[in-house]
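Here is what each chain is made of, one letter per residue.
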Amino acid sequence: MKILVINGVNLHMLGKRKEEHYGAFDLKQLEDCVTKYAKEKGVETECFQSNYEGAVVEKITKNDADGIILNAGAHTHYSYAIADAVECCGKPVVEVHLSDVENREDFRKFSVLTRVCVARFFGKKEKSYYEAVDFLIKNK
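Residues numbered from 1 in each chain as written. Predicted model: local features only at pLDDT ≥ 70, side-chain atom pairs only at ≥ 80, totals over all residues. Heavy atoms only, no water.

Engineer: Help me understand the side chain of serine 79, please; the structure alone is not making it clear to me.
Structural biologist: Checked against the element boundaries, serine 79 lands in the loop between strand 3 (67-71) and helix 4 (80-88). Serine 79 gets classed as buried once you look at its relative accessible area, which sits at 0%. A polar contact is formed between the side chain of serine 79 and the backbone nitrogen of isoleucine 82, at a distance of 3.0 Å. If we ignore the near neighbours within four places in the chain, the residues touching serine 79 are Glu53, Val112 and Leu113. (Helix = DSSP H or I, 4+ residues; strand = E, 2+ residues; numbered from the N terminus. Buried < 20%, exposed > 50% of the residue type's maximum accessible area, 1.4 Å probe, protein only. Polar contact = N/O pair within 3.5 Å; in protein donor to acceptor, adjacent residues only side chain to side chain. Contact = heavy atoms within 4.5 Å.)

Engineer: Help me understand the nonpolar core in this model?
Structural biologist: Proteins that are soluble and globular tend to have nonpolar side chains buried together. Ranked by internal contacts, the top residues of the largest apolar core, which has 21 residues, are Ile3, Val34, Ile69, Val94, Tyr129 and Val133. When contributions to this core are tallied by element, the ones reaching two or more residues are strand 1 (2-7), helix 2 (27-40), strand 4 (93-97), strand 5 (119-122) and helix 5 (126-138). With near-sequence residues (within four places) excluded, isoleucine 69 lies in contact with Ile3, Leu4, Val5, Ile6, Val94, Val96, Tyr129, Ala132, Val133 and Leu136. Listed in part, the 19 residues of the second largest apolar core include Ile68, Leu70, Ala72 and Cys117. (Core = buried A, V, L, I, M, F, W, Y, C linked by side-chain atoms within 4.5 Å.)

Engineer: So what exactly am I meant to see when it comes to the packing of helix 3 (residues 53-61) against helix 4 here?
Structural biologist: Geometrically, a packed helix pair is captured by the angle between its two axes and the distance between the axes. In the contact formed by helix 3 and helix 4, the axes pass within 9 Å of each other and the chain directions differ by 5°. By the angle between their axes, helix 3 is roughly parallel relative to helix 4. Within the contact between the two elements, helix 3 uses Glu53, Val56, Val57, Ile60 and Thr61 and helix 4 uses Ala81, Ile82, Ala85 and Val86. For the contact of helix 3 with helix 4, the class distribution of residues is 7 nonpolar, 1 polar and 1 charged. (Axes fitted to C-alpha atoms, helices over the stretch in contact; angles between N-to-C directions. Parallel < 35°, antiparallel > 145°, perpendicular 65-115°, else oblique. Nonpolar A, V, L, I, M, F, W, Y, C, P; charged D, E, K, R; others polar.)

Engineer: Where do I start with the environment of valine 43 in this structure?
Structural biologist: Structurally, valine 43 is set in the loop between helix 2 and strand 2 (44-49). Every residue in contact with valine 43, bar those within four places of it in the chain, is listed here: Met1, Ile3, Ala38 and Ile137.

Engineer: Would you take a moment to explain the packing of helix 2 against helix 5 for this structure?
Structural biologist: Contact geometry for helix 2 and helix 5: axes closest at 10 Å, N-to-C directions at 30°. You can see that helix 2 and helix 5 cross each other, and the crossing is right-handed. Contact residues: helix 2 offers Leu30, Cys33, Val34, Tyr37 and Ala38, while helix 5 offers Glu126, Tyr129, Tyr130, Val133 and Asp134. For the contact of helix 2 with helix 5, the residue count by class is 8 nonpolar, no polar and 2 charged. (Left-handed = near helix turned anticlockwise from the far one by under 90°.)

Engineer: Would you mind showing me how to read the pattern of salt bridges here?
Structural biologist: Opposite charge on two side chains permits pairing when their charged atoms draw close. Scanning all chains against the criterion turns up 8 salt bridges. Note that glutamate 95 and arginine 120 form a salt bridge whose closest N and O atoms lie 3.2 Å from each other. With glutamate 95 in strand 4 and arginine 120 in strand 5, this residue pair connects regions lying 25 residues apart in the sequence. Overall, the relative accessible area of 0% leaves glutamate 95 in the buried class. Bridged by salt links that share partners, the residues Lys2, Glu46, Lys59 and Asp64 form one connected network. (Salt bridge = Lys/Arg side-chain N within 4 Å of Asp/Glu carboxyl O.)

Engineer: Any chance you could explain the sheet that holds strand 4 here in plain terms?
Structural biologist: Backbone hydrogen bonds are what pair the strands of a sheet, in a parallel or an antiparallel way. In space, the 5 strands of this open sheet follow the order 2-1-3-4-5, with parallel pairing throughout. The open sheet has two free edges, formed respectively by strand 2 and strand 5, since each of these has just one partner strand. Between one strand axis and the next, the sheet turns through 20° on average, direction left out of account. Here 4 bridges tie strand 4 to strand 5, and the two strands are oriented parallel to one another. (Pairing = 2+ DSSP bridges.)

Printed below as a string of structure tokens:
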């Protein structure tokens, strides 16, 4: 099994942003932790990050993964292009957030992705990604 981990807009700023929301890891450390966690379960990962909506859309629709973990960052709240890509990609996509989006600013509570994703995990920093890995393995 192969899982594609997509981190979207501003996730390259991890380690420099509010630690109380996003944790202490920088993006490379986060990707390394998720990759190690998945590998221990016999799963291969590919990690990708872009601040550009079109690049995220292309990665969702053009890959050889069996499932996708998607943290779209702020695009979560308004990118119907990413939502459309998720809906038509033909693969299970799990929405993930490091922070507790339900208990932050009002605009963070709304996601255009939730309706097209198979599951949503948030608020547990890197453990949200681990839950997504486990979900995809269990539901392959």
